Amino acid sequence: MSAEAAPSPAAVDAGLAAAVERLRPELARLAREPEIGFEEHASVARIAALLAAHGVDAEVGAFGLDTALRATAGADAAASGSHFAIIAEYDALPGIGHACGHNVIAAVAVGAFLAAAPVVADLGGRLSLIGTPAEENGGGKELIIRAGGFDDVDAAGMVHPSSGSGTSSVLGQRTTGVRRVAVTFHGRAAHAAGAPWLGRNALDAVVTAYQSVAQLRQHILPSDRLHGIITDGGAAPNIVPERASALFYVRSADVGQLRELTDRVVAVLEGAALTTGTRAEIDVDPVPPYLPLQTNTALTSRWVDAFAARGHEVPPPGEPPQGGPSTDMGNVSRLVPSIHPSLGLGGPDDVFPHNAAFAELTVLPAAVDALVDAAAALAATAVAYTADPQLRAAAAAEFAASGGPSRWED
């Protein structure tokens, strides 16, 4: 009697898609609370509750972070099977809620994990769901890396929503690395009308610094970005400000250039202090740096195949654009082969993330349709990575050719 033939990849993908479809009502309601980074208590609790309802235990407060989460299915850590990590985000932006769509990211990740977990376990592999707080403001993934959370992970993936209805090409979404530079200028208070000559104006220092950074923009690569805000401008107009602060973001698609450009910004801030007779208190990297994303095309191609089979068009391979936003998924991508495709939610092309109107798109029926399809494709990618040694070898070879594992070193 012959052994039963293994199901085809297409049949496996269809089964995973059906499993995600059954989860649709629960995924549509998941993680909608707009909570900022490190305060996502309700969101992570709802994720844990949904996992528990499907028989999966989750650790909330993993990796020493109150709102991080870890759930694992399949082989234990000592087993030799592959280990794929599905990444969830669920923090929101201050004032404009889920205008970056991290509620969609969470739903995609949870749906993919629940659909793929039993299949990966049957194949002898290991699948983890890692909930990462504070992508917007705290570098949760880098903090998890430093806590050893990715030490036994072989590959990782997540999907990020974007404007319009399209997706990133098979080469994936290009992002820049980002470093933050905070500065507080210390001057001397004085009566602005009665004795201004006794004062040293910290606000003048901030304005000088801001304008100087604006002038520096003329002399950087087109792919690099500099931007900032004044976070403290003084107490009252009739008091010469003795304290004023600003926060700048430095972005580059090249790690070496990111370091150099940061040094140039620091020099500008020091110059502003010298010009105004104030003292600059400069804090470089108050939040861990985010590294440029390194897309693994072997894995991304598998996601594209599964996503296209759901009726979506994906742009052909092409050189990804330079510049753009940043994500701490870049740090994970430098540690293990990773995917981070973008997902259009069916809205207008001019409603882009970090606008309040984008938050409204993330809960519409078209967005739920898109996240269900994306979750099915991500589940298929995790299963394929577990089942196909050739895919694992191709992903590993591509990752090694790009330089292998690397971390940010101060």
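Shown above is the structure to which this text applies.
A brief look at the structure comes next. Every value quoted in this text rests on a predicted model; they were computed, and no experiment measured them.

### Notes on the nonpolar core
- With 70 residues, the main nonpolar core has Leu-51, Ile-86, Val-110, Phe-113, Leu-127, Leu-129 and Trp-303 as its most contacted residues.
- Among the elements that line this core, the one with the most residues is helix 11 (residues 365-387), at 16 residues.
- In terms of nonpolar packing, the next biggest core, distinct from the first, is built from 25 residues, Val-206, Ile-220, Leu-269 and Leu-291 among them.

### A closer look at the sheet that holds strand 11 (residues 338-339)
- Taken in spatial order, the six strands of this open sheet run 1-2-4-3-5-11, and their pairing is mixed. Edge positions in the sheet fall to strand 1 (59-60) and strand 11, since each has one partner strand and no second.
- In the sheet, strand 1 pairs with strand 2 (residues 69-74) via two bridges, with the strands oriented antiparallel. Bridge pairing in strand 2 places Glu-59 opposite Arg-70.
- Sheet strands in contact with helix 3 (residues 41-53) are strand 1, strand 2 and strand 4 (126-131), and its direction is about 20° off that of strand 2.
- Strands strand 2, strand 3 (83-88) and strand 4 of the sheet are contacted by helix 4 (residues 102-122), whose axis makes an angle of about 160° with strand 4.

### Description of the packing of aromatic side chains
- All told, the structure shown has three aromatic pairs when counted by the stated rule.
- Plain terms: the ring middles of Tyr-210 and Phe-248 are 6.4 Å apart, the flat faces sit at 40° to each other, and that makes the pair tilted. Linking Tyr-210 in helix 6 (residues 202-216) with Phe-248 in strand 9 (residues 243-252), this pair joins segments that are 38 residues apart in sequence.
- Classification of Tyr-210 by relative accessible area gives partly exposed; the value is 30%.
- Judged by relative accessible area, which is 2%, Phe-248 ranks as buried.
- Residues Trp-303 and Phe-307 carry aromatic rings whose centres are separated by 4.5 Å and whose planes lie at 20° to one another, so their mutual orientation is stacked. Of the two residues, Trp-303 and Phe-307 are both situated in helix 8 (residues 297-308); the distance of four residues between them amounts to about one turn of the helix.
- Residue classification places Trp-303 among the buried positions, given a relative accessible area of 0%.
- Classification of Phe-307 by relative accessible area gives buried; the value is 1%.

Calculation rules
Residues numbered from 1 in each chain as written. Predicted model: local features only at pLDDT ≥ 70, side-chain atom pairs only at ≥ 80, totals over all residues. Heavy atoms only, no water. Core = buried A, V, L, I, M, F, W, Y, C linked by side-chain atoms within 4.5 Å. Buried < 20%, exposed > 50% of the residue type's maximum accessible area, 1.4 Å probe, protein only. Helix = DSSP H or I, 4+ residues; strand = E, 2+ residues; numbered from the N terminus. Pairing = 2+ DSSP bridges. Contact = heavy atoms within 4.5 Å. Axes fitted to C-alpha atoms, helices over the stretch in contact; angles between N-to-C directions. Phe/Tyr/Trp six-rings, centres within 6.5 Å; stacked < 30°, edge-to-face > 60°.

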